[in-house]
Structure formats: structure tokens, C-alpha cells
Amino acid sequence: MLPVAAKIDLAGFHSAEVWGGATFDVAIRYLNEDPWERIRKLKREFKRTPLQMLLRGQNLVGYRNYPDDLVEKFIEKAALAGVDIFRIFDALNDARNLATAIRSVKRMGAHAQGTICYTTSPVHTLGKYMEFAKELVALDCDSICIKDMSGILSPKAGYDLVKRLKKETGVLVQVHSHSSSGMAPITYSRVCEAGADVLDTAFSPLAGGASQPAVESIVSAFAGTRFDTGLDLGLLVEISTYFAQLREKYFDRLNLIDQRSERVDVHVLLHQIPGGMVSNMISQLKEMNSIQRLDEVLEEIPRVRADFGYPPLVTPMSQIVGTQAVMNVVSGERYRIVSKEAKDYVKGLYGRHPSPIRDELKSQVIRDEKPITCRPADLLKPELEKMKKEVGDLATSEEDVLTYALFPQAAIKFLKQRKEGRKISEEEEAAVTAALAAFLSQERPKITIRDRELT
């Protein structure tokens, strides 16, 4: 990425999203790279364009709620390392799970972008989205992003939502969609007519399908209109050529991209299931020798989602709902086996349910345990000092402590290798590449090298 960063910086983008989400986990787990050093190196190359990250609210870049002291310290260090814009979301659109992160971003003088996770259901109405948007503004967000993770935002729904947001909040509105259903480019055109300020795109070699629309196509489509971006198409094509070469080197030759993720899948308009979630379920069913029951699981997912109060299918809710659907089908009896994560969700440990869960289902899932109604993080004790003691002298900075707090097992391995100054051998690199390919297809094989097992 570094050789092309300066050219991207010259393009004139609103921002470049380069960090957060799963990139933090992948850097230490598969690439043997320090994610904190990665953002600092990129910041040195991007002198004009703000750098942006995706932050899962109280989950940060991990998969559980973290106490406030870790949230505050992580955001402090991320801002100092080079993050200018924090796109902050919660899978349940529960503003309580965003408050600490937003407050911390503002304290660092960075840009806090509150996020609406978009989905459709009987309870996700335009009015409800506007109520949530006003909560985000009340928390002092600088902008609002509509995060359409499944690519199901229709042109009309997008127009109506953006129109209301611009009229009633007065803040910058950014639209993030995926090309999964094929609607995104049309929706992008309509949201611009409604007043959207920024659109998320990707360079064409890595665009389309489960990714965003291609930036070159969007720039060309708006050329000569009142939405003309003014971006240099020649420069964009030059950058795309670079990414095409990287794609051929790392993805095409090694088959790191599942072809299904690059195609339009109209089924998503009915079940709203993101592509990665389908891949994960296929992997689970194969392990259970039940792959022939995939269609039953796909039919069960909307039922589980309804039972659970219609949560948006975004991390971690997509995994929780999908796994429970698999268990319901394979066990032969709905909710006879319930995952720990599903129990925690029903109990309220992930946040407020979009719609109330039936009392009889609560009793079946959590039995005699009492649901919680407070902000989930209020139940967590501070962990920063505890993590410092646990990781010990393997950590040479507060960033290392945070890495350990987020991903203890992967961090220990990474920090030990760094301390030993050991580089990955060619044999190990080949194995890690194979593991990364499996990770991207949601498989988890074990590979043995010199009697040492790698997962």
C-alpha cells in the first residue's frame, strides 16, 4: 500500500479508510505486522487526505464489550497514531454503546462519525432511524454515516432517509453501501439528489460484489453534472492499475478471493444475509457433515432474527443469528441448544434489542437468569492495569498492552516473535498464506510445520 499512498493522497478524496474493522486482527494474526506501526507509516504518506477507521463502538476492533478505560485509551492512541475520522457503529444501533467512544474521540479533537446500521424489518422505520440520528447528534457527532452492510438500501429508501437527515440534523451525511444486490450505484445517484455529501467507493480491481461500487465508475457517471467530483480520472486509473497488479500477485494466483463474493446475489434482497455470513455457515455445516441442509438454515435465519427482535445482521449479530440458525436446524429442535453468545444477547449483554423478545423465548434461552436493562459496559470493571500486569515485559508500549487486551493469544505470539527478532521463514510464510486464504473463505484449517501446529 505504501508505494501508491502518495498518489491516493493527491486524488482529492474526502478521506481514506485504512484501519479498524478486521484489519487490526489480520495484521497481527496473519501478517506478523504491528497494526499501530501500519497506521503510523500510512499517516506519513497521507499529508492532505484525512485517514479514517471503522470502530465497533464498545467492541473497538474486537468481538466483545470492553470496559470504558480500554475504550478511552485505545481511541487516544489511535488518534495520536494518525486516525482523523472515527466511524463508530453499534450492531444494535444502541446509542449507549457509542457514547464513551464518541466522547473520547471528541476529547482528542478528532472527527466523530456516528453510524446508522441500515436494515429493513417491521420495527426499522424511517421514524425510528431519525430518532436514532438525533441521539447521535445529541452525543455531538460531527457527521452521520448510513452503513448499508448488506447492499439492501433501495434508491427510494436511501433518498427518503438522506432527505430527512439533511433537513433535521444539519450535519454531513455519508453513505456506505455494498454492491451485493446490484442496487448500490443507482442508490448512490438518488442519495446525491437528496443531499448526501460523501459516498464510499473502492478502486475497481477490488470493487463490486460484496465490496463497494468502483470509484472510477462513480466519478465518470457524475462528470458534467452538479455532482461532479472534480477528481482526475486519469490519476484514478493509474492507481487502479497498481492495485490490479497487486490483486494478480496476491489474490488471483493464490485464490484468496472467493468468486461468490464478486458476484451480484439477488437473494440478499430477501434474506439480508451478508456474503461472509453465508461462507461462515457453509464452514460450520461442513464440519457437522450437514452441508445438505444449507437451504434449511437460510430459511431459518429470518425466523431467528424475528425471534431475536430483528437485529441488523452486522458483526457480531450476523454471527450470533447465523450460528443459532445452524444449531436450530442441525439439532432438530429450535433453541434446544443455544450458544453462549445468543444467551448473552437475549440477556441484554450486547445492548438494547430493536424489538422486545417474547417472554417465553427468554425463559427458554436464559431460564432463571434475569435480563439486564443497564448499559452493558456498566457491568465491566476497568481492565487496563490488569492487562499491563498480564502481558508483562513483552509489551514495550501502551499500544502493545491494548493489542494484548483485544487479542490475547494472537498478541502473545506476535510479541514473542518480535522480542526474539525472528522473521517468518519461507515455509511458514507459505503456510500463513494458505491460512489467510482459508480465513477469507471462513475456513479454519490446521497446518503442521516441523511438528508445530499452526491454526
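Residues numbered from 1 in each chain as written. Predicted model: local features only at pLDDT ≥ 70, side-chain atom pairs only at ≥ 80, totals over all residues. Heavy atoms only, no water.

Examining the overall build of the protein
- When helices and strands are counted, the protein shows 20 helices and 9 strands.
- Relative to the compact-globule value of 23 Å for 455 residues, the protein shows a C-alpha radius of gyration of 22 Å, a close match.
- C-alpha atoms of the protein, sized along the principal axes, occupy 60 × 55 × 45 Å.
- Within the protein, the fraction of its 455 residues that count as buried is 53%.
- Nonlocal contacts in the protein, meaning residues at least 24 apart in sequence, comprise 71% of its contacts between residues at least 6 apart.
- Per element, the accessible surface of the protein, about 21000 Å² overall, is 52% carbon and sulfur. (Helix = DSSP H or I, 4+ residues; strand = E, 2+ residues; numbered from the N terminus. Rg over C-alpha atoms; globule rule 2.2 N^0.38 Å. Buried < 20%, exposed > 50% of the residue type's maximum accessible area, 1.4 Å probe, protein only. Contact = heavy atoms within 4.5 Å. Areas by Shrake-Rupley, 256 points an atom, 1.4 Å probe, with all protein chains shown as cover.)

Details of the pattern of salt bridges
- Under the counting rule described, the total for this entry stands at 39 salt bridges.
- One salt bridge in this structure joins Asp 197 and Lys 166, with 2.9 Å as the shortest N-O distance. Of the two residues, Asp 197 is situated in the loop between helix H8 (184–194) and strand S7 (198–199) and Lys 166 in helix H7 (residues 155–168); the sequence distance between them amounts to 31 residues.
- Given a relative accessible area of 41%, Asp 197 falls into the partly exposed group.
- Judged by relative accessible area, which is 26%, Lys 166 ranks as partly exposed.
- Salt bridges here are not isolated pairs; linked through shared partners, they connect Lys 73, Glu 76, Lys 77, Glu 385, Lys 388 and Glu 398. (Salt bridge = Lys/Arg side-chain N within 4 Å of Asp/Glu carboxyl O.)

Overview of the environment of Lys 41
- Within the element layout of this structure, Lys 41 appears in helix H3 (residues 35–45).
- Residue classification places Lys 41 among the partly exposed residues on the basis of a relative accessible area of 37%.
- With 40 residues separating them in the primary sequence, Lys 41 and Ala 81 have C-alpha atoms 9.2 Å apart.

A look at empty space enclosed by the protein
- Enumeration according to the criterion identifies 2 cavities of 30 Å³ or more in this entry.
- Computed from the structure, the largest cavity encloses a volume of approximately 90 Å³.
- For the largest cavity, the full set of lining residues is Arg 56, Asn 59, Asn 65, Phe 89, Asp 90, Ala 91, Leu 92, Asn 97, Thr 315, Pro 316, Met 317 and Tyr 350.
- Looking at the lining of the largest cavity residue by residue, the class counts come to 6 nonpolar, 4 polar and 2 charged. (1 Å grid on protein atoms, 1.4 Å probe; cavity = no way out; pocket = protein on both sides within 12 Å on 5 of 7 lines; lining within 4 Å. Points joined across faces, edges and corners; volume = space filled by probe spheres on them. Nonpolar A, V, L, I, M, F, W, Y, C, P; charged D, E, K, R; others polar.)

What about the pairing of strand S3 (residues 85–88)?
- Burial of S3 is two-sided: the residues Ile 85 and Arg 87 facing one way and the residues Phe 86 and Ile 88 facing the other way are all buried.
- Alignment of strand S2 (residues 51–55) against S3, held across 4 bridges, turns out to be parallel. Paired with Leu 54 across the two strands is Arg 87, which belongs to S3.
- In this region the chain leaves S2, passes through helix H4 (residues 68–81) and returns to the parallel neighbour S3; the handedness of that crossover is right-handed.
- Handedness of the crossover joining S3 and strand S4 (residues 111–117) through helix H5 (residues 99–107) is recorded here as right-handed. (Pairing = 2+ DSSP bridges. Right-handed = clockwise from strand over helix to strand, strands pointing away.)

A look at the packing of H7 against H8
- Two numbers describe how H7 lies on H8: the axes approach to 8 Å, and their chain directions differ by 25°. By the angle class used here, H7 and H8 are roughly parallel. Along this stretch, H7 crosses H8, giving a crossing that reads as right-handed. Contacts between H7 and H8 involve Pro 155, Gly 158, Tyr 159, Val 162, Lys 163 and Lys 166 from the former and Ile 186, Thr 187, Arg 190, Val 191, Glu 193 and Ala 194 from the latter.
- Grouping the constituent residues of the contact of H7 with H8 by class yields 6 nonpolar, 2 polar and 4 charged. (Axes fitted to C-alpha atoms, helices over the stretch in contact; angles between N-to-C directions. Parallel < 35°, antiparallel > 145°, perpendicular 65-115°, else oblique. Left-handed = near helix turned anticlockwise from the far one by under 90°.)

Side note on helix H1 (residues 2–10)
- Among all positions of H1, only Val 4, Ala 5, Ile 8 and Asp 9 are buried. Looking straight down H1, one finds its buried side chains confined to an arc of 150°; they lie on one side. In this structure, H1 carries Pro 3 and Leu 10 as exposed residues pointing more than 90 degrees from its buried face.
- Against the buried residues of H1 lie H3 and helix H10 (233–252). (Arc of directions from axis to C-beta.)

Observations concerning the sheet that holds S3
- The 7 strands lie next to each other as S1-S2-S3-S4-S5-S6-S7, forming an open sheet whose pairing is parallel. This sheet does not close on itself; its edge strands, each paired only once, are strand S1 (16–20) and S7.
- Across 4 bridges, S1 lies against S2 in parallel orientation. Residue pairing across strands places Trp 19 opposite Met 53, the latter belonging to S2.
- Packing of helix H6 (residues 126–138) onto the sheet brings it into contact with S4 and strand S5 (143–148), and relative to S4 it is tilted by some 165°.
- In the packing of H7 onto the sheet, the strands contacted are S4, S5 and strand S6 (172–177), and the crossing angle to S6 comes to about 160°.

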